[in-house]
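This is what each chain is made of:
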Number of protein chains: 2
Amino acid sequence: MAKKSAHVHSIRDVLKVHPDGVDLAKIDPAATPVGPTSKSEAEKDLAAMAEELDQLQENLYAEGIGGGRRRVLVVLQGMDTSGKGGTIRHVAGLVNPQGLHIVSFKKPTRAELSHDFLWRIRRQVPGPGMIGFFDRSHYEDVLVPRVDKLVPPAAWRARYQQINDFEAELAEAGTTIVKCFLHISPERQKERLVARLETPEKLWKYNPNDLVVRAKWSQYQQAYSDLLTQCSPESAPWYAVPSDRKWYRNWVVAQLLLQTLRDLKPTYPEPDYDPAAELSRLIEADPLR
Amino acid sequence: MAKKSAHVHSIRDVLKVHPDGVDLAKIDPAATPVGPTSKSEAEKDLAAMAEELDQLQENLYAEGIGGGRRRVLVVLQGMDTSGKGGTIRHVAGLVNPQGLHIVSFKKPTRAELSHDFLWRIRRQVPGPGMIGFFDRSHYEDVLVPRVDKLVPPAAWRARYQQINDFEAELAEAGTTIVKCFLHISPERQKERLVARLETPEKLWKYNPNDLVVRAKWSQYQQAYSDLLTQCSPESAPWYAVPSDRKWYRNWVVAQLLLQTLRDLKPTYPEPDYDPAAELSRLIEADPLR
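Along each chain, residues carry numbers from 1 onward, in the same order as the chain's sequence is written. Whichever chain is written first becomes A and whichever ligand is written first becomes 1, with later ones labelled in order. Selection of residues for local features in this predicted model requires a pLDDT of at least 70, selection of side-chain atom pairs for listing and counting requires 80 or more, and totals for whole chains, interfaces and linings are taken over all residues. Here the side-chain values reflect all heavy atoms present in the structure, with hydrogen atoms and water set aside.

**As for the overall build of chain A**
Strands are runs of DSSP state E lasting at least two residues, helices are runs of H or I lasting at least four, and both sets are numbered from the N terminus onward. Of regular secondary structure, chain A possesses twelve helices and five strands. Taking 19 Å as the expected radius of gyration for a compact globule of 289 residues, we find that chain A reaches 21 Å, a close match to that expectation. If you line up chain A on its principal axes, its C-alpha atoms span 75 × 50 × 45 Å. The cut-offs for exposure are 20% and 50% of the maximum accessible area for each residue type, with area from a 1.4 Å probe on protein chains only; residues under the lower value are buried, those over the upper are exposed, and the others partly exposed. Across the 289 residues of chain A, 54% fall into the buried class. Contact definition: two residues touch when any of their heavy atoms are within 4.5 Å. Of the contacts made within chain A by residues no fewer than 6 positions apart, 83% connect residues no fewer than 24 positions apart. In summary, the charge assignment counts Lys and Arg as positive and Asp and Glu as negative, without counting His or the chain termini. In this description, the location of a charge corresponds to atom NZ of lysine, CZ of arginine, CG of aspartate or CD of glutamate. Taken together, the 39 basic and 38 acidic charged side chains of chain A have centroids lying 7 Å from each other. Atoms counted for the radius of gyration: C-alpha only. Globule rule: 2.2 Å times the number of residues to the power 0.38.

**Quick notes on the interface of chain B and chain A**
Taken together, the contact between chain B and chain A spans 47 residues of the former and 47 residues of the latter. Defined in terms of a 1.4 Å probe, buried area is the accessible area two parts forfeit on being brought together, summed over both. Taking both sides of the interface into account, the surface hidden between chain B and chain A amounts to around 4,400 Å²; carbon and sulfur atoms contribute 67%. In the sections that follow, a salt bridge refers to a side-chain nitrogen of Lys or Arg positioned within 4 Å of a carboxyl oxygen of Asp or Glu. Inspection of the region where chain B meets chain A yields six salt bridges. The salt bridge involving D286 of chain B is made with K190 of chain A; its shortest N-O contact spans 3.0 Å.

**A closer look at the relation of the copies chain B and chain A**
Superposition of the copies was done by least squares, using only C-alpha atoms of residues whose pLDDT is at least 70 in both. Mapping chain B onto chain A calls for a screw motion: a turn of 180° about the axis and a shift of 0.0 Å along it, with 0.0 Å RMSD after fitting. Here the symmetry operator amounts to a two-fold rotation axis. The C-alpha atom lying nearest the rotation axis in chain B is that of P97 of chain B; the distance is 3.1 Å. When the interface residues of chain B are mapped onto chain A, 100% of them again fall at the interface, so both copies present the same face.

**Thoughts on the pairing of strand β4 (residues 175-183) of chain B**
Residue and element names in this part refer to chain B. Burial runs high along β4: eight of the nine residues are buried. Strands qualify as paired when DSSP identifies two bridges or more between them. As judged from the eight bridges shared by strand β1 (residues 71-78) and β4, these two strands associate in the parallel manner. The residue bridging L73 from the neighbouring strand is I177, located in β4. Direction of pairing for β4 relative to strand β5 (residues 238-242): parallel, over a ladder of five bridges.

**Focus: the confidence of the model for chain A**
Residue and element names in this part refer to chain A. Of all residues in chain A, 97% have pLDDT values of 70 or greater, and the mean over the chain is 95. Contacts for the low-pLDDT stretch residues 1-6, under 50 throughout, to residues beyond four places or in other chains number two contacts. For this predicted complex, the interface confidence comes out at an ipTM of 0.93, alongside a pTM of 0.95. Note on scores: pLDDT gives the predictor's confidence for each residue, bounded by 0 and 100.

**Observations regarding helix α8 (residues 186-198) of chain B**
For α8 of chain B, built from 13 residues, the straight-helix expectation of 18 Å at 1.5 Å per residue is met to within 8% by its first-to-last C-alpha distance of 18 Å. Inspection of α8 of chain B places Q189, R192, L193, V194, R196 and L197 of chain B among the buried residues, and these make up the whole buried set. In this scheme, a helix's expected span is set at 1.5 Å multiplied by one less than its residue total.

**Considerations on the packing of aromatic side chains**
Aromatic rings considered in pairs are described by the distance between their centres and by the relative angle of their planes. Classification of ring pairs uses Phe, Tyr and Trp, with its six-membered ring standing for Trp, and accepts pairs whose centres are within 6.5 Å; under 30 degrees between planes counts as stacked, over 60 as edge-to-face, and the remaining range as tilted. In total, this model carries 16 aromatic pairs over all chains according to the counting rule given. An angle of 25° between the planes, with centres 6.0 Å apart, marks the rings of Y248 of chain B and W251 of chain B as stacked. Remark: W251 of chain B and Y248 of chain B occur in helix α11 (residues 246-264); sequence separation between them is three residues, near one turn of the helix. Chaining the aromatic ring pairs together yields one cluster made of W247, Y248 and W251 of chain A. Definition used: whenever NZ (Lys) or CZ (Arg) falls within 6 Å of the ring centre and also within 35 degrees of the ring normal, the charge is taken to sit over that ring. One residue, R159 of chain A, lies across the ring of F117 of chain A, its end atom 4.7 Å from the ring centre.

**Re the sheet that holds β4 of chain B**
Residues and elements named next belong to chain B. Read across the open sheet, the five strands follow the order β2-β3-β1-β4-β5; overall the sheet is parallel. A strand with exactly one partner marks an edge of an open sheet, and here the two such strands are β2 (100-104) and β5. Between one strand axis and the next, the sheet turns through 20° on average, direction left out of account. Lines are fitted to the C-alpha atoms to define the axes, a helix being fitted only along its stretch in contact, and any angle between axes, read from their N-to-C directions, falls within 0 to 180 degrees. Helix α7 (residues 153-172) rests against β1 and β4 of the sheet, and its axis sits at about 135° to β4.

**Details of the side chain of R71 of chain A**
Residues and elements named next belong to chain A. Topologically, R71 is positioned in strand β1 (residues 71-78). In this structure, R71 is buried with no salt-bridge partner, the nearest side chain bearing the opposite charge being E63 at 9.0 Å. Excluding anything up to four places from it in sequence, R71 contacts L60, P126, G127, P128, G129, M130, A173, G174, T175 and T176.

**As for the sheet that holds strand β4 (residues 175-183) of chain A**
Residue and element names in this part refer to chain A. Pairing in this open sheet of five strands is parallel, and the strands run β2-β3-β1-β4-β5 from one edge to the other. Each edge of the open sheet carries a strand with a single partner, namely β2 (100-104) and β5 (238-242). Along the sheet, successive strands turn relative to each other by an average axial angle of 20°, direction set aside. Along the sheet, helix α10 (residues 217-230) makes contact with β1, β4 and β5, crossing β4 at roughly 155°.

**Quick look at the pattern of salt bridges**
For the coordinates displayed, the defined rule picks out 34 salt bridges over all chains. The shortest N-O distance in the salt bridge between R214 of chain A and D286 of chain B comes to 2.8 Å. Of this pair, R214 of chain A sits in helix α9 (residues 209-214) while D286 of chain B is found in the segment after α12 (275-284), placing the two residues in two different chains. With a relative accessible area of 2%, R214 of chain A lands in the buried category. One salt bridge connects E234 of chain B with K16 of chain B, and the closest N-O pair in it is separated by 3.2 Å. Here the residue E234 of chain B occupies a position in the loop between α10 (217-230) and β5, and K16 of chain B occupies one in the loop between α1 (2-15) and α2 (39-65), the gap between them amounting to 218 residues. The network of salt bridges with shared partners includes D80, R136 and E140 of chain A.

Rendered as structure tokens:
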């Protein structure tokens, strides 16, 4: 337990991106720097977290019903096959789905493009008491347009500050953001793409554009390094999550969420009525005769 | 297995509301007319359904990604404490949360009231490939306004047809609706309200207005009988789900969802690319050098 407690307290420090910069090439996507070192250990640990996560989520939800403004938003970014969907399935799947707000951001539609890039994001910020999961996010807007030169450099560079301002605004309104970059190696991506193409039930997950994007691997890594560096203020840092091992990735994101919720210490709201009076009204003067 | 198969096939027939009318007073909320007769049996059965439900949900989701238009919407209605939230937790909780669209409709806001009653509902219809769960719905608009005389009788009466038209329109666009009325007894409601008032962690679920509504039990039962009768066309009937026993209620709703999905037979979309060509491109001419 002492060991566990120790690694649990340090995971955020170990994976946190420091605002002075990050070099993704130096982070091993297959590493397990803290926490479990085997799949079986990770799965046992994840299952053990479920009850506490579920309880904290209920408290947060109840707090929201009672007028509280706090909520959590988990932002997932990563190259194709890094496991954004899988993380949602395994981590969000641990709590009551009624308290979740899950959004998958696709290529912007024509209508979305007619607004500023944060417009569609703002509409999907989770409500009070909710836990949101974003599968891709506003960070796509400093990735694709940059790599594919869809906007001038000055335009995507300006977005870093716009994003920091937006996230500060969210924080002020009660949203705690947990930003997870699912870091995989190009070798692991290749394995997973091959698996998709060789498995009939997985063909739907593949898109020929995946290879177009794969060809630009280094440009994307550079774009990721920059956004992680530019958008990691102390109040809302990115975490670089080694994601070559699915079990480790799931464990890490669950831990980051768990620790965030623990810090918030959400509590059941005080009733705005007198429970004893209601109880006697119900028992001694049941309005239903 | 023969026994199971038999009851599985008849549950919809047994619980379906017939358009010639329903008398709720004659339906025992504690009955278990088909299926499991004990909590342990029901829980085992529910767990056994999980894998198939999960698989069908993935197929439906994949179909949606591939351009399919089909989706499912489970509508839950019932008196306070009938277990709308609990049903979502236990039934929706069986599948991947990324494929769910869960909405809890509260008392309409001023903005919502400035539109027609279906406006806020239309905005929340699940997207293609999704499974939606409505905790309350447009049916509230033939309940509260009627019982509390907020609109003239002609207005709420006209809504039955408006609702039938709306649901026919949804069906045409690919939505299969599963409407579940969670039927409880006033005695069981009293027990559950008492439990909420006596348990500190449950106080947030109680609202003094619950007793105001409880006092109008028979008016609400009449309003429910009427809407169940008026809005049960063969294509989208209501099911009256005996809900005094939580384990039976969960089992029934899971079964109704499972059978609906089985009927739909959702399938993985055909790839719109050549998997073999992509595979050789990836393996022999990996764009990432």
